[in-house]
Amino acid sequence: MILGNLAEAMEFLPSVNMTVANGRFTDFFRRSQSWLVSRVLGAEIETALEEEFDTEDDSHAALRRLCRRVIAGKTLLDAIPEMDMQLTEAGFAVQQNDNFTPASSQRVDRLVGMMPERIANDVDMLVDHLVMATKDGGYGSALYDGWRGTEQYKRLTAAFMPTMRECSSVQGHPVFKDYDEFYSALPSLYRSMKETAGHYVSPAEIDRLLELFRDGDTLEIHRRAIEELKVAAVASAAGAVRRARSAAASAREIMMSSPGDFPAFRNSSAFSSLNVNLDGGRIVNFT
């Protein structure tokens, strides 16, 4: 396992002193790792982190540490509801220990309440690390470069926003309550973006920009259009139709300024058959 014992986990959870037997967490470690692999890492990186385990010259040391941080937090969050329960002949009972005073429900609730945000932030840092490792001149390897071909990477980049933090930044406030909600929403963000913005710039151009974005091959003018498409995706999914359409129209205006950089748009009916006028970002005419 990438993280397999409490001593390692406590390095990332310094405020929680764990005195339980290591074996009680084994399955939680496994499940947390599977959760992370299915959403971010993919099988090849998981195998590398398990096989090339802690040598003096560990080429994956930074990535391993980021993964362990996520797994430790997810393990604690999942384990808390079960750790004081024992199944007896008479049914479930709460474990008692004369050496400790039970924590108040308020303290436990506060700990549980803070963990989803912490886990989301830690996953975002992990994704940032992988993205930077695979950019031109990055510090990655063939293994890291291969991550861009995984289903995990394709899903994370479905709306040009591979982190939950970036999605919140586009909206101006938190959009999702935890990472699982963000992860589940990614396909709908993609669909909302194509349904709303695709009418203005063509769905084919959105998909072409996605491929350039995933390959790290965008130009500055592409990135300007992508910023507007991100707003259209989040606003449309949130039901802010007017804001979504205004952002889509702004993306169109950017593409119209240099249609040669957006060939799928230039060759689409959206290029020739729509008339969209903007005034300060507000659509004043649309035919």
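What you see is a predicted model, and the numbers here were worked out from it, not measured in a lab.

Quick notes on the overall build of the protein chain
Helix and strand content of the protein chain: 14 helices and four strands. Summing over all exposed atoms, the protein chain offers an accessible surface of approximately 15000 Å²; the carbon and sulfur share of this is 50%.

Section: the packing of helix 2 (residues 26–41) against helix 3 (residues 43–51)
Packing of helix 2 against helix 3 brings their axes to within 8 Å, and their N-to-C directions diverge by 130°. Looking at the two axes, helix 2 sits oblique to helix 3. Contacts between helix 2 and helix 3 involve Gln33, Val37 and Leu41 from the former and Ala43, Ile45, Glu46, Leu49 and Glu50 from the latter. Here the contact of helix 2 with helix 3 is composed, by residue class, of five nonpolar, one polar and two charged.

Topic: the packing of aromatic side chains
Scanning all chains against the criterion turns up six aromatic pairs. The interplanar angle of 55° and the centroid separation of 5.9 Å between the aromatic rings of Phe176 and Phe182 together place this pair among those described as tilted. With respect to burial, Phe176 and Phe182 carry one shared label: buried. Aromatic side chains Phe265 and Phe271 sit 5.3 Å apart centroid to centroid with 90° between the ring planes, which places their arrangement in the edge-to-face category. Members of the aromatic cluster, joined through ring pairs, are Trp35, Phe176, Tyr179 and Phe182. Positioned above the aromatic ring of Tyr183 is the side chain of Arg39, whose terminal nitrogen or guanidinium carbon lies 5.1 Å from the ring centre.

Concerning the environment of Thr75
Within the secondary structure layout, Thr75 lies in helix 4 (residues 61–79). For the pair formed by Thr75 and Ala9, sequence separation is 66 residues and the distance between their alpha carbons is 8.9 Å. Discounting residues that sit within four places of it in the chain, Thr75 has contacts with Phe25, Phe28, Phe29 and Ser32.

Section: the nonpolar core
Ranked by internal contacts, the top residues of the largest apolar core, which has 79 residues, are Val40, Leu41 and Tyr179. The element that contributes the greatest number of residues to this core is helix 9 (residues 179–201), accounting for 10 residues. Not counting residues within four places of it along the chain, the set of residues in contact with Leu41 comprises Ile2, Leu36, Leu49, Cys67, Leu126, Leu130, Trp147 and Gln152.

Side note on the confidence of the model for the protein chain
Counting all residues, the mean pLDDT for the protein chain is 83, and 77% of those residues have values of 70 or more. Across residues 280–287 the pLDDT falls below 50, and counting only partners more than four positions away or on other chains, this stretch makes 24 contacts in the model.

A short note on the packing of helix 8 (residues 164–171) against helix 11 (residues 220–237)
One can describe the packing of helix 8 onto helix 11 by two numbers: an axis separation of 9 Å at closest approach and a directional angle of 85°. In terms of their interaxial angle, helix 8 and helix 11 are classed as roughly perpendicular. Judged by residue contacts, Glu166, Cys167, Val170 and Gln171 of helix 8 engage Lys230, Val231, Val234 and Ala235 from helix 11. Class assignment of the residues belonging to the contact of helix 8 with helix 11 gives a composition of five nonpolar, one polar and two charged.

Overview of the pattern of salt bridges
A full pass over the atoms with the stated rule returns 14 salt bridges. Note that Glu181 and Lys177 form a salt bridge whose closest N and O atoms lie 3.2 Å from each other. For the salt bridge of Arg208 with Glu205, the shortest nitrogen-to-oxygen distance reads 2.8 Å. Separated by three residues within a single helix, Arg208 and Glu205 lie in helix 10 (residues 203–215), roughly one turn from each other. Connected via shared salt-bridge partners are Glu166, Glu227 and Lys230.

Quick look at helix 11
At 3.6 residues per turn, the α-helix brings residues three or four places apart onto the same side. With 18 residues, helix 11 extends 26 Å from end C-alpha to end C-alpha; this agrees with the ideal 26 Å at 1.5 Å per step. Residues Ile221, His222, Ala225, Ile226, Leu229, Lys230, Val231, Ala232, Ala233, Val234 and Ala235 constitute the buried set of helix 11. Lining the buried residues of helix 11 we find helix 8, helix 9, helix 10 and helix 12 (241–257). Immediately beyond the C-terminal end of helix 11, within one or two residues, lies Gly239, with a positive phi of roughly 85°.

Notes on helix 10
In this model, helix 10 (13 residues) spans 19 Å end to end at C-alpha, consistent with the 18 Å of a helix rising 1.5 Å per residue. Here helix 10 has its buried residues at Glu205, Ile206, Leu209, Leu210, Leu212 and Arg214. Considering only its buried residues, helix 10 is in contact with helix 7 (151–156), helix 9, helix 11, helix 12 and helix 13 (263–266). After helix 10 finishes, the residue Gly216 shows a positive phi value of roughly 65°.

Rules and cut-offs
Residues numbered from 1 in each chain as written. Predicted model: local features only at pLDDT ≥ 70, side-chain atom pairs only at ≥ 80, totals over all residues. Heavy atoms only, no water. Helix = DSSP H or I, 4+ residues; strand = E, 2+ residues; numbered from the N terminus. Areas by Shrake-Rupley, 256 points an atom, 1.4 Å probe, with all protein chains shown as cover. Axes fitted to C-alpha atoms, helices over the stretch in contact; angles between N-to-C directions. Parallel < 35°, antiparallel > 145°, perpendicular 65-115°, else oblique. Contact = heavy atoms within 4.5 Å. Nonpolar A, V, L, I, M, F, W, Y, C, P; charged D, E, K, R; others polar. Phe/Tyr/Trp six-rings, centres within 6.5 Å; stacked < 30°, edge-to-face > 60°. Buried < 20%, exposed > 50% of the residue type's maximum accessible area, 1.4 Å probe, protein only. Lys NZ or Arg CZ within 6 Å of the ring centre and 35° of its normal. Core = buried A, V, L, I, M, F, W, Y, C linked by side-chain atoms within 4.5 Å. pLDDT = per-residue confidence, 0-100. Salt bridge = Lys/Arg side-chain N within 4 Å of Asp/Glu carboxyl O. Expected span 1.5 Å × (residues − 1).

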